[in-house]
Each structure stands twice: as C-alpha cells, then as structure tokens.
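# Per-entry structural report
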Amino acid sequence: MLLLLLLQVLVSCLWLGHGELVASFESSCPQFFFRETPPNEALEPESPAWICQRYNNQYYFATLYDRNRRIPVYSAYLYQPGPGKRPKTWLVEPQLMGSVYPKTMEKEWTLLKYYNVSLEQLSKSQAVLQDYKNLTGLNRGHLNPNGHHHDFSSRMSTFTLTNIVPQDEKLNGGAWNNYEQQTMIRRTQGCNTTYVVVGAVPGNSYIAKGRVNKPSHIWSSACCEVDSNHRKAWGVIAENDKNEVQLLTLGELEDMLTELYGRDQVSLFDSDCPRE
C-alpha cells in the first residue's frame with residue numbers, strides 16, 4: 001500500500017507544472033479563446049473546475065466543468081476538421097479527485113486497477129460510464145465534437161466524460177449533427193482561424209438517479225478571423241428535447257443565454273468579435 005501511494009505521488013510530481021486543472025484559462029491555455037479571452041463569469045456554476053484538456057502530453061481544448069451537476073458548462077476549441085476514424089474509448093479526469101492523481105485523462109479501468117481507486121470514489125468527482133448506460137431517448141452528446149479535429153489524438157481527447165452531456169438522441173443525430181458537419185463548413189469558408197465555444201444550459205431534470213443534469217438547451221458560438229482586419233461570428237441554440245437548431249447572430253445568442261441563466265449579461269468572446 002505504501003509503495004502504491006509513493007507511486008501515485010511520483011506520477012503526480014512528474015506531471016507537476018503541466019496540470020490540466022487550473023486556476024484560470026487566461027494563464028494556462030488561453031490559445032483556445034479569441035484574443036485569449038474566455039467567456040465572462042455569467043456562466044460560472046457554484047462549483048466550477050477549469051480544465052485544460054490534455055491528452056498524450058498536449059493540450060487540445062479547454063472545458064469549464066460543473067462539479068455539482070457533473071456536466072460541462074462549455075468547451076472551447078479551434079475548428080480544425082479532418083478525415084479520420086471515430087474513437088471508441090471513453091476517458092475520465094482523475095485530477096478531479098485530488099492532486100495526487102494524474103493530471104491527464106485516463107480510462108476508468110486504469111484508475112481502478114493501478115491507482116487503487118474505487119468507482120464510488122471516482123464517481124463523487126464527476127460523471128462515469130455507468131451514468132450513461134441504459135439511456136432512453138438520450139445519447140452521450142459531445143460539446144466539442146471529435147469531427148472538428150484533424151488527427152487521432154485530438155479526436156481522442158474529446159472522448160472525456162467532462163466534455164459530454166445527456167443529449168436528445170434525435171437532436172444529436174439530426175439537426176445538431178447537420179450544424180456540426182454541414183453548416184460549420186459553409187460558415188467557415190474564408191476563415192483563417194475559427195474559435196468555437198459550445199455549451200449546455202442546465203435543466204431541471206437528471207439522469208443516473210439524480211447524479212447527472214440533463215441540459216435544457218445546447219448552444220454553440222463561433223468567432224472567425226478572415227484576416228487581421230475582418231472577422232465574422234454566429235451562434236446557434238437548440239432545446240434539448242426538439243430536433244431543431246436556431247441560427248443566430250452572436251449578440252442574439254448572448255442575449256438568449258443571459259435570459260436563460262438569469263444572471264449578468266453573457267459575453268462569449270472578446271469585444272472585437274462582431275455581435276451583429
């Protein structure tokens with residue numbers, strides 16, 4: 001047991017300074033946000049976790065995670081689609097259990113077998129695979145979709161449960177998929193760099209015996225740099241029980257989210273990203 005504990009501490013030390021669980025995105029992985037400016041505090045939950053999502057020793061996107069509801073608030077990434085196979089392995093974030101655990105996403109069985117972690121212990125800090133079994137009418141819905149990434153490692157990084165929400169299966173495979181795979185291609189024509197922030201509005205119902213929140217809405221926003229002087233932006237939102245996606249200006253989406261969250265005015269990007 002002592003040897004195992006020392007091994008855990010050693011692994012933690014090896015990752016020290018490269019941790020995913022961070023104090024702020026501005027200081028740790030700002031590259032995923034336009035002008036290095038994350039969304040403002042209007043979206044922050046009561047118990048937030050800022051995660052610079054790391055896989056194979058590289059950061060691929062950023063996620064603000066709601067520890068209490070066990071769903072992501074949003075994920076932010078660069079839109080860089082490419083061909084490739086869809087991964088099948090799901091990962092979790094051991095760092096959410098405490099600082100002695102690895103700071104990179106791992107498979108559940110790896111933690112259970114090699115780190116003396118119980119499923120009960122892991123499930124206290126986040127959603128686990130068991131929470132998403134035997135779903136009726138719902139899928140494991142990516143916020144940051146694997147299809148918006150250009151190689152296997154970047155696609156694999158999106159298969160962490162901290163990037164997943166219970167999503168209506170018809171929406172996930174229908175109108176939302178059409179937006180991700182078709183509308184985004186059309187909208188990003190002429191863009192040199194496209195920054196995306198995609199999120200979920202907490203709902204009033206839960207799955208997994210009250211453990212994991214089912215969002216009321218899924219939304220996505222994009223800020224595209226055409227060149228140093230020209231930018232364009234847009235947003236979409238969908239109710240999480242209808243197979244419909246509403247296309248909006250960035251300003252309209254921010255106003256809708258402000259109303260849905262009922263807090264301060266929501267700002268998703270730096271002010272230089274057009275709202276009209």
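The sections below set out a description of the structure shown in this document. (Residues numbered from 1 in each chain as written. Predicted model: local features only at pLDDT ≥ 70, side-chain atom pairs only at ≥ 80, totals over all residues. Heavy atoms only, no water.)

### So, the pattern of salt bridges
Rules: Note on definitions: salt bridges are taken to be side-chain nitrogens of Lys or Arg within 4 Å of carboxyl oxygens of Asp or Glu. A run of H or I in DSSP counts as a helix once it spans at least four residues, and a run of E counts as a strand once it spans at least two, with each numbered from the N terminus. Only protein chains enter the calculation, and the probe is 1.4 Å; a residue is then buried if its accessible area is under 20% of its type maximum, exposed if over 50%, and partly exposed in between.
Summed over the entire model, instances satisfying the criterion amount to six salt bridges. Of the charged contacts in the structure, one is a salt bridge between Glu239 and Lys242, with a shortest N-O distance of 3.5 Å. The closest approach of N and O atoms between Arg275 and Glu254, which form a salt bridge, is 2.8 Å. Here Arg275 is found in the segment after α8 (250-261), whereas its partner Glu254 is found in helix α8, with 21 residues between them in sequence. We classify Glu254 as buried; its relative accessible area is 5%. Where salt bridges share partners, they join Arg35, Asp270 and Asp272 into one cluster.

### Quick look at the packing of aromatic side chains
Heads up, the rule is: A pair of Phe, Tyr and Trp rings is counted when the ring centres sit within 6.5 Å of each other, with Trp represented by its six-membered ring. The angle between the planes then sorts it: under 30 degrees is stacked, over 60 is edge-to-face, the rest tilted. Sitting over a ring, as applied to charges here, requires NZ of Lys or CZ of Arg to be within 6 Å of the ring centre and within 35 degrees of the ring normal.
As enumerated under the stated definition, the model contains six aromatic pairs in all. Where Trp90 meets Phe159, the ring centres are 4.7 Å apart and the plane angle is 55 degrees; that geometry is what we call tilted. Within this pair, whereas Trp90 is found in the loop between β4 (71-78) and α3 (108-114), its partner Phe159 is found in the loop between α5 (152-157) and β6 (164-168), the two being separated by 69 residues in sequence. The pair formed by Trp90 and Phe159 is uniform in burial state, with each residue classed as buried. The structure contains a cluster of three or more aromatic residues connected by ring pairs, namely Phe25, Phe33 and Tyr74. The side chain of Arg54 reaches across the aromatic face of Tyr59, ending 5.5 Å from its centre.

### Structural notes on the sheet that holds strand β3 (residues 58-66)
Let me state the cut-off plainly: Only strands joined by at least two bridges in the DSSP assignment are considered to pair. A contact between two residues is defined here by any heavy atoms of the two lying within 4.5 Å. Convention adopted: a line fitted to C-alpha atoms gives each axis, helices being fitted over their contacting stretch, and angles between N-to-C directions are expressed from 0 to 180 degrees.
Strand order in the open sheet formed by eight strands is β1-β2-β3-β4-β7-β10-β11-β12, with antiparallel pairing between adjacent strands. The two strands at the open ends of the sheet, each matched to only one other strand, are β1 (21-22) and β12 (246-248). Relative to strand β11 (residues 230-239), strand β10 (residues 217-227) runs antiparallel, the two being bridged by 10 bridges. When the sheet's bridge partners are listed, Asp227 is paired in β11 with His230. Here helix α7 (residues 175-187) sits on the sheet in contact with β7 (193-201), β10, β11 and β12, set at roughly 165 degrees to β11. Packing against the sheet, α8 makes contact with β4, β7, β10, β11 and β12, and its axis sits at approximately 40 degrees to β11.

### Focus: α7
In plain terms, the rule: One fewer than the residue count of a helix, multiplied by 1.5 Å, yields its expected span. The reported bend at a residue is simply the angle between two axes, fitted to the 7 residues ending at it and to the 7 residues beginning with it.
Here α7 spans only 16 Å end to end across 13 residues, well under the 18 Å set by a 1.5 Å rise per residue. Along α7, the largest kink reaches about 30 degrees and is centred on Gln181. Three or more residues of α7 are buried, namely Ala175, Trp176, Tyr179, Glu180, Thr183 and Met184. For α7, the secondary structure elements touched by its buried residues are β5 (138-142), β6, α6 (169-173), β7, β10 and β11.

### What about the state of the cysteines?
Condition: The term disulfide is used for any two cysteine sulfur atoms that are within 2.5 Å.
Going through the model one piece at a time under the given rule, you end up with three disulfides. One disulfide in the model links Cys191 with Cys224; its S-S distance is 2.0 Å. Between Cys191 and Cys224 the disulfide shows an S-S torsion of about -105 degrees. By sign, it is left-handed. Placement of Cys191 in the loop between α7 and β7 and of Cys224 in strand β10 is noted, with a sequence separation of 33 residues between them.

Keep in mind these values describe shape, not function.
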